[in-house]
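Architecture at a glance
As a plain string of letters, each chain reads:
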Amino acid sequence: MILFLVSFLAGALTIASPCILPVVPFVFSWAGQPLLRGILPMLFGMLASFAAVATLSAVGGGWAVEANGAGRAAAIALMALFGWTLLSPRAAAVLSRPLVAAGNRLSDRAGVAGSLLLGVATGLLWTPCAGPILGLVLTGAALHGASLQTTLLLAAYAAGAATSLALAVLAGGRLLAAMKRSLGIGERLRQGLGIAVLAGVSVIALGLDTGLLARLSYAGTAGVEQLLIDRFAPAPASSGTSGELETSGTGLVLADARRVYRSSLPVEGILPSLDGATDWLNSKPLTTEELLGKVVLIDFWTYSCINCIRTLPYLRAWAEKYRDQGVVVVGVHAPEFAFEKRIGNVQKALRDFAITYPVAVDNDFRIWRAFGNSYWPAFYIADATGRIRHHQFGEGGYEQTERVIQVLLAEAAGGRAAGGRVSDGGLVNPAGQGAQAPADLGEVRSGETYVGYRQAANFASPERDGIDRPQDYTVGALRLNRWGLSGNWTVGPEQARLNWAGGAIVYRFRARDLHLILGPTRDGRPVRFQVMIDGMAPGPDHGTDTDAEGYGTVSETRLYQLVRQAGAVRERTFEVRFLDPGVDAYAFTFG
């Protein structure tokens with residue numbers, strides 16, 4: 001009985017909500033009519049049609065939605081006719097006689113049948129604000145099917161609204177009658193009601209009753225409804241430690257109304273098509289239609305990007321942790337350098353990084369452009385309905401990103417995590433190794449630096465005319481973040497190629513880690529090198545791709561970690577000298 005009372009009170013609150021406004025003109029057009037033959041039949045028709053349609057829409061599937069859509073269209077036409085006859089009976093005479101007669105019968109309130117018919121039409125048009133209480137009722141109907149109790153609860157909700165509207169109509173009727181007597185403006189009032197009815201029809205036909213007005217309404221009454229739930233809803237029978245939602249004898253969700261919710265995350269757009277991929281790895285080609293019903297994380301990355309590499313431990317952990325709960329991680333590999341377009345290189349990178357989730361190869365940047373993306377890495381997270389709800393540009397923001405995943409999973413499951421268990425809110429904490437370890441951003445004073453002339457900066461060698469042809473270079477003293485070449489190199493738009501053995505690259509830097517993207521000779525022969533820091537072997541400061549003496553080998557085109565300072569980070573001079581010719585050097589990155 002308490003639930004019926006709470007539903008009734010929640011319905012009564014709708015008169016204070018903006019979303020009821022389109023219905024008000026239809027109801028107030030009955031002001032001044034007899035209570036038993038005019039007002040009550042109209043309100044009863046409104047109550048009955050709303051309760052019936054709401055029950056069917058919650059449990060009946062798509063056919064019920066389509067049927068209600070047809071009913072709404074017919075009701076809009078009927079109400080438009082009614083409003084037109086109120087506004088101008090003379091103009092209405094232009095219509096055919098049967099329609100005019102029907103319209104005039106409705107406008108003259110000829111008996112109980114006309115009032116009831118208008119009430120049914122009003123109920124078809126009324127989309128009440130989906131506050132917490134109505135949300136509980138409809139959720140229970142969807143989860144447990146149609147039942148007499150569910151229909152009666154919906155009827156109680158509608159009865160509350162009808163009661164508050166009836167009181168307003170009775171008061172409004174007295175006001176209208178007084179205005180007619182004192183001002184003699186009965187025809188003007190009739191025309192004003194006709195304008196209001198047509199305005200309400202326009203609002204409903206344009207969908208504003210379910211859009212802007214519904215959003216305003218939720219803010220207006222949800223707090224009061226939540227207080228009613230907190231005050232009157234029965235306490236859960238169990239401790240709730242299982243994570244299952246408690247239900248009443250009517251099959252309605254009661255344990256905690258806050259678990260059945262819509263997140264406050266904004267809608268940033270619709271998930272674009274993934275059709276532009278030139279290849280798919282670890283998966284057959286995926287479509288956005290196939291991904292509906294899943295929470296989808298799209299990761300734009302490229303395999304030699306250090307910022308992308310440092311995100312991979314989190315992406316792998318999320319893909320593993322949430323796979324069975326309805327999360328799909330999709331990597332979109334968008335190459336920065338020409339060598340990253342080679343499918344064999346990307347396949348090897350997936351093996352090296354232990355990536356098992358689907359990866360779309362976006363060599364033509366069609367997916368990149370569809371998203372309007374501009375960053376490596378970039379995360380876009382879409383909900384189960386295919387709407388983008390969150391993005392993250394650049395590395396970091398891992399806690400917030402995972403919280404978004406959890407929220408969207410809960411939202412997709414009606415407040416419950418998959419399997420009926422509420423998420424414990426725990427967060428992954430992967431331990432990245434080597435280049436995948438988090439950067440020491442507090443100590444980084446050096447930034448990404450390209451070697452090819454297209455994007456090169458801070459080049460300190462005095463020789464500057466060796467573009468696309470062999471040139472001997474020298475390096476003098478360097479200040480912080482300046483670099484240079486020594487030996488014979490050919491500098492191209494993306495990279496510099498060493499022509500003779502013994503050439504070197506020198507960089508004055510400050511950061512814990514120094515990485516350099518390198519490639520072997522054109523025919524794939526490896527290139528040996530040695531790293532020196534401040535003119536000495538690196539010892540404990542060597543990177544994962546060198547030993548303590550600084551020796552290493554370029555065997556494939558990728559990012560190499562050449563320095564990781566083990567002690568206090570300070571400004572250092574780095575030098576890598578190549579013992580064989582033919583190496584390609586692309587870009588420095590730091591961490």
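First, a word on what this report is: a plain description of the structure on this page.

Reading the values: the criteria
Residues numbered from 1 in each chain as written. Predicted model: local features only at pLDDT ≥ 70, side-chain atom pairs only at ≥ 80, totals over all residues. Heavy atoms only, no water. Helix = DSSP H or I, 4+ residues; strand = E, 2+ residues; numbered from the N terminus. Contact = heavy atoms within 4.5 Å. Areas by Shrake-Rupley, 256 points an atom, 1.4 Å probe, with all protein chains shown as cover. 1 Å grid on protein atoms, 1.4 Å probe; cavity = no way out; pocket = protein on both sides within 12 Å on 5 of 7 lines; lining within 4 Å. Points joined across faces, edges and corners; volume = space filled by probe spheres on them. Buried < 20%, exposed > 50% of the residue type's maximum accessible area, 1.4 Å probe, protein only. Phe/Tyr/Trp six-rings, centres within 6.5 Å; stacked < 30°, edge-to-face > 60°. Lys NZ or Arg CZ within 6 Å of the ring centre and 35° of its normal.

Moving on, we get to the overall build of the protein chain. A count of helical and extended segments in the protein chain gives 16 helices and 18 strands. Partitioning the contacts of the protein chain with sequence separation of at least 6, the portion at a separation of at least 24 is 75%. Just so you have it, the protein chain exposes about 26,100 Å², and 58% of that area is on carbon and sulfur atoms.

The subject of this paragraph is empty space enclosed by the protein. For the structure shown, the criterion picks out two cavities of 30 Å³ or more. Lining the second largest cavity, in full, are Ser304, Cys305, Ile306, Asn307, Glu336, Phe337, Glu448, Ile517, Ala587 and Thr589. Elements that contribute at least two residues to the lining of the second largest cavity include exactly helix H13 (306-322) and strand S18 (584-590).

Topologically, alanine 354 is positioned in the loop between helix H14 (343-352) and strand S5 (359-361). Since its relative accessible area comes to 47%, alanine 354 is described here as partly exposed. The sequence separation of alanine 354 and leucine 312 amounts to 42 residues, and the corresponding C-alpha distance is 9.2 Å.

Attention now goes to the packing of aromatic side chains. Within a pair of aromatic rings, the relevant descriptors are the distance that separates the centres and the angle that separates the planes. Summed over the entire model, instances satisfying the criterion amount to 26 aromatic pairs. Where tryptophan 368 meets tryptophan 376, the ring centres are 4.9 Å apart and the plane angle is 50 degrees; that geometry is what we call tilted. By relative accessible area, tryptophan 368 is classed as buried at 11%. Accessibility expressed as a relative area gives 25% for tryptophan 376, which makes it partly exposed. Taken together through their ring pairs, the aromatic side chains of Phe300, Phe365, Trp368, Phe371, Tyr375, Trp376, Tyr380 and Phe393 make up a single cluster. The ring of tyrosine 560 has arginine 558 sitting right over it, with the charged end atom 3.9 Å from the ring centre.

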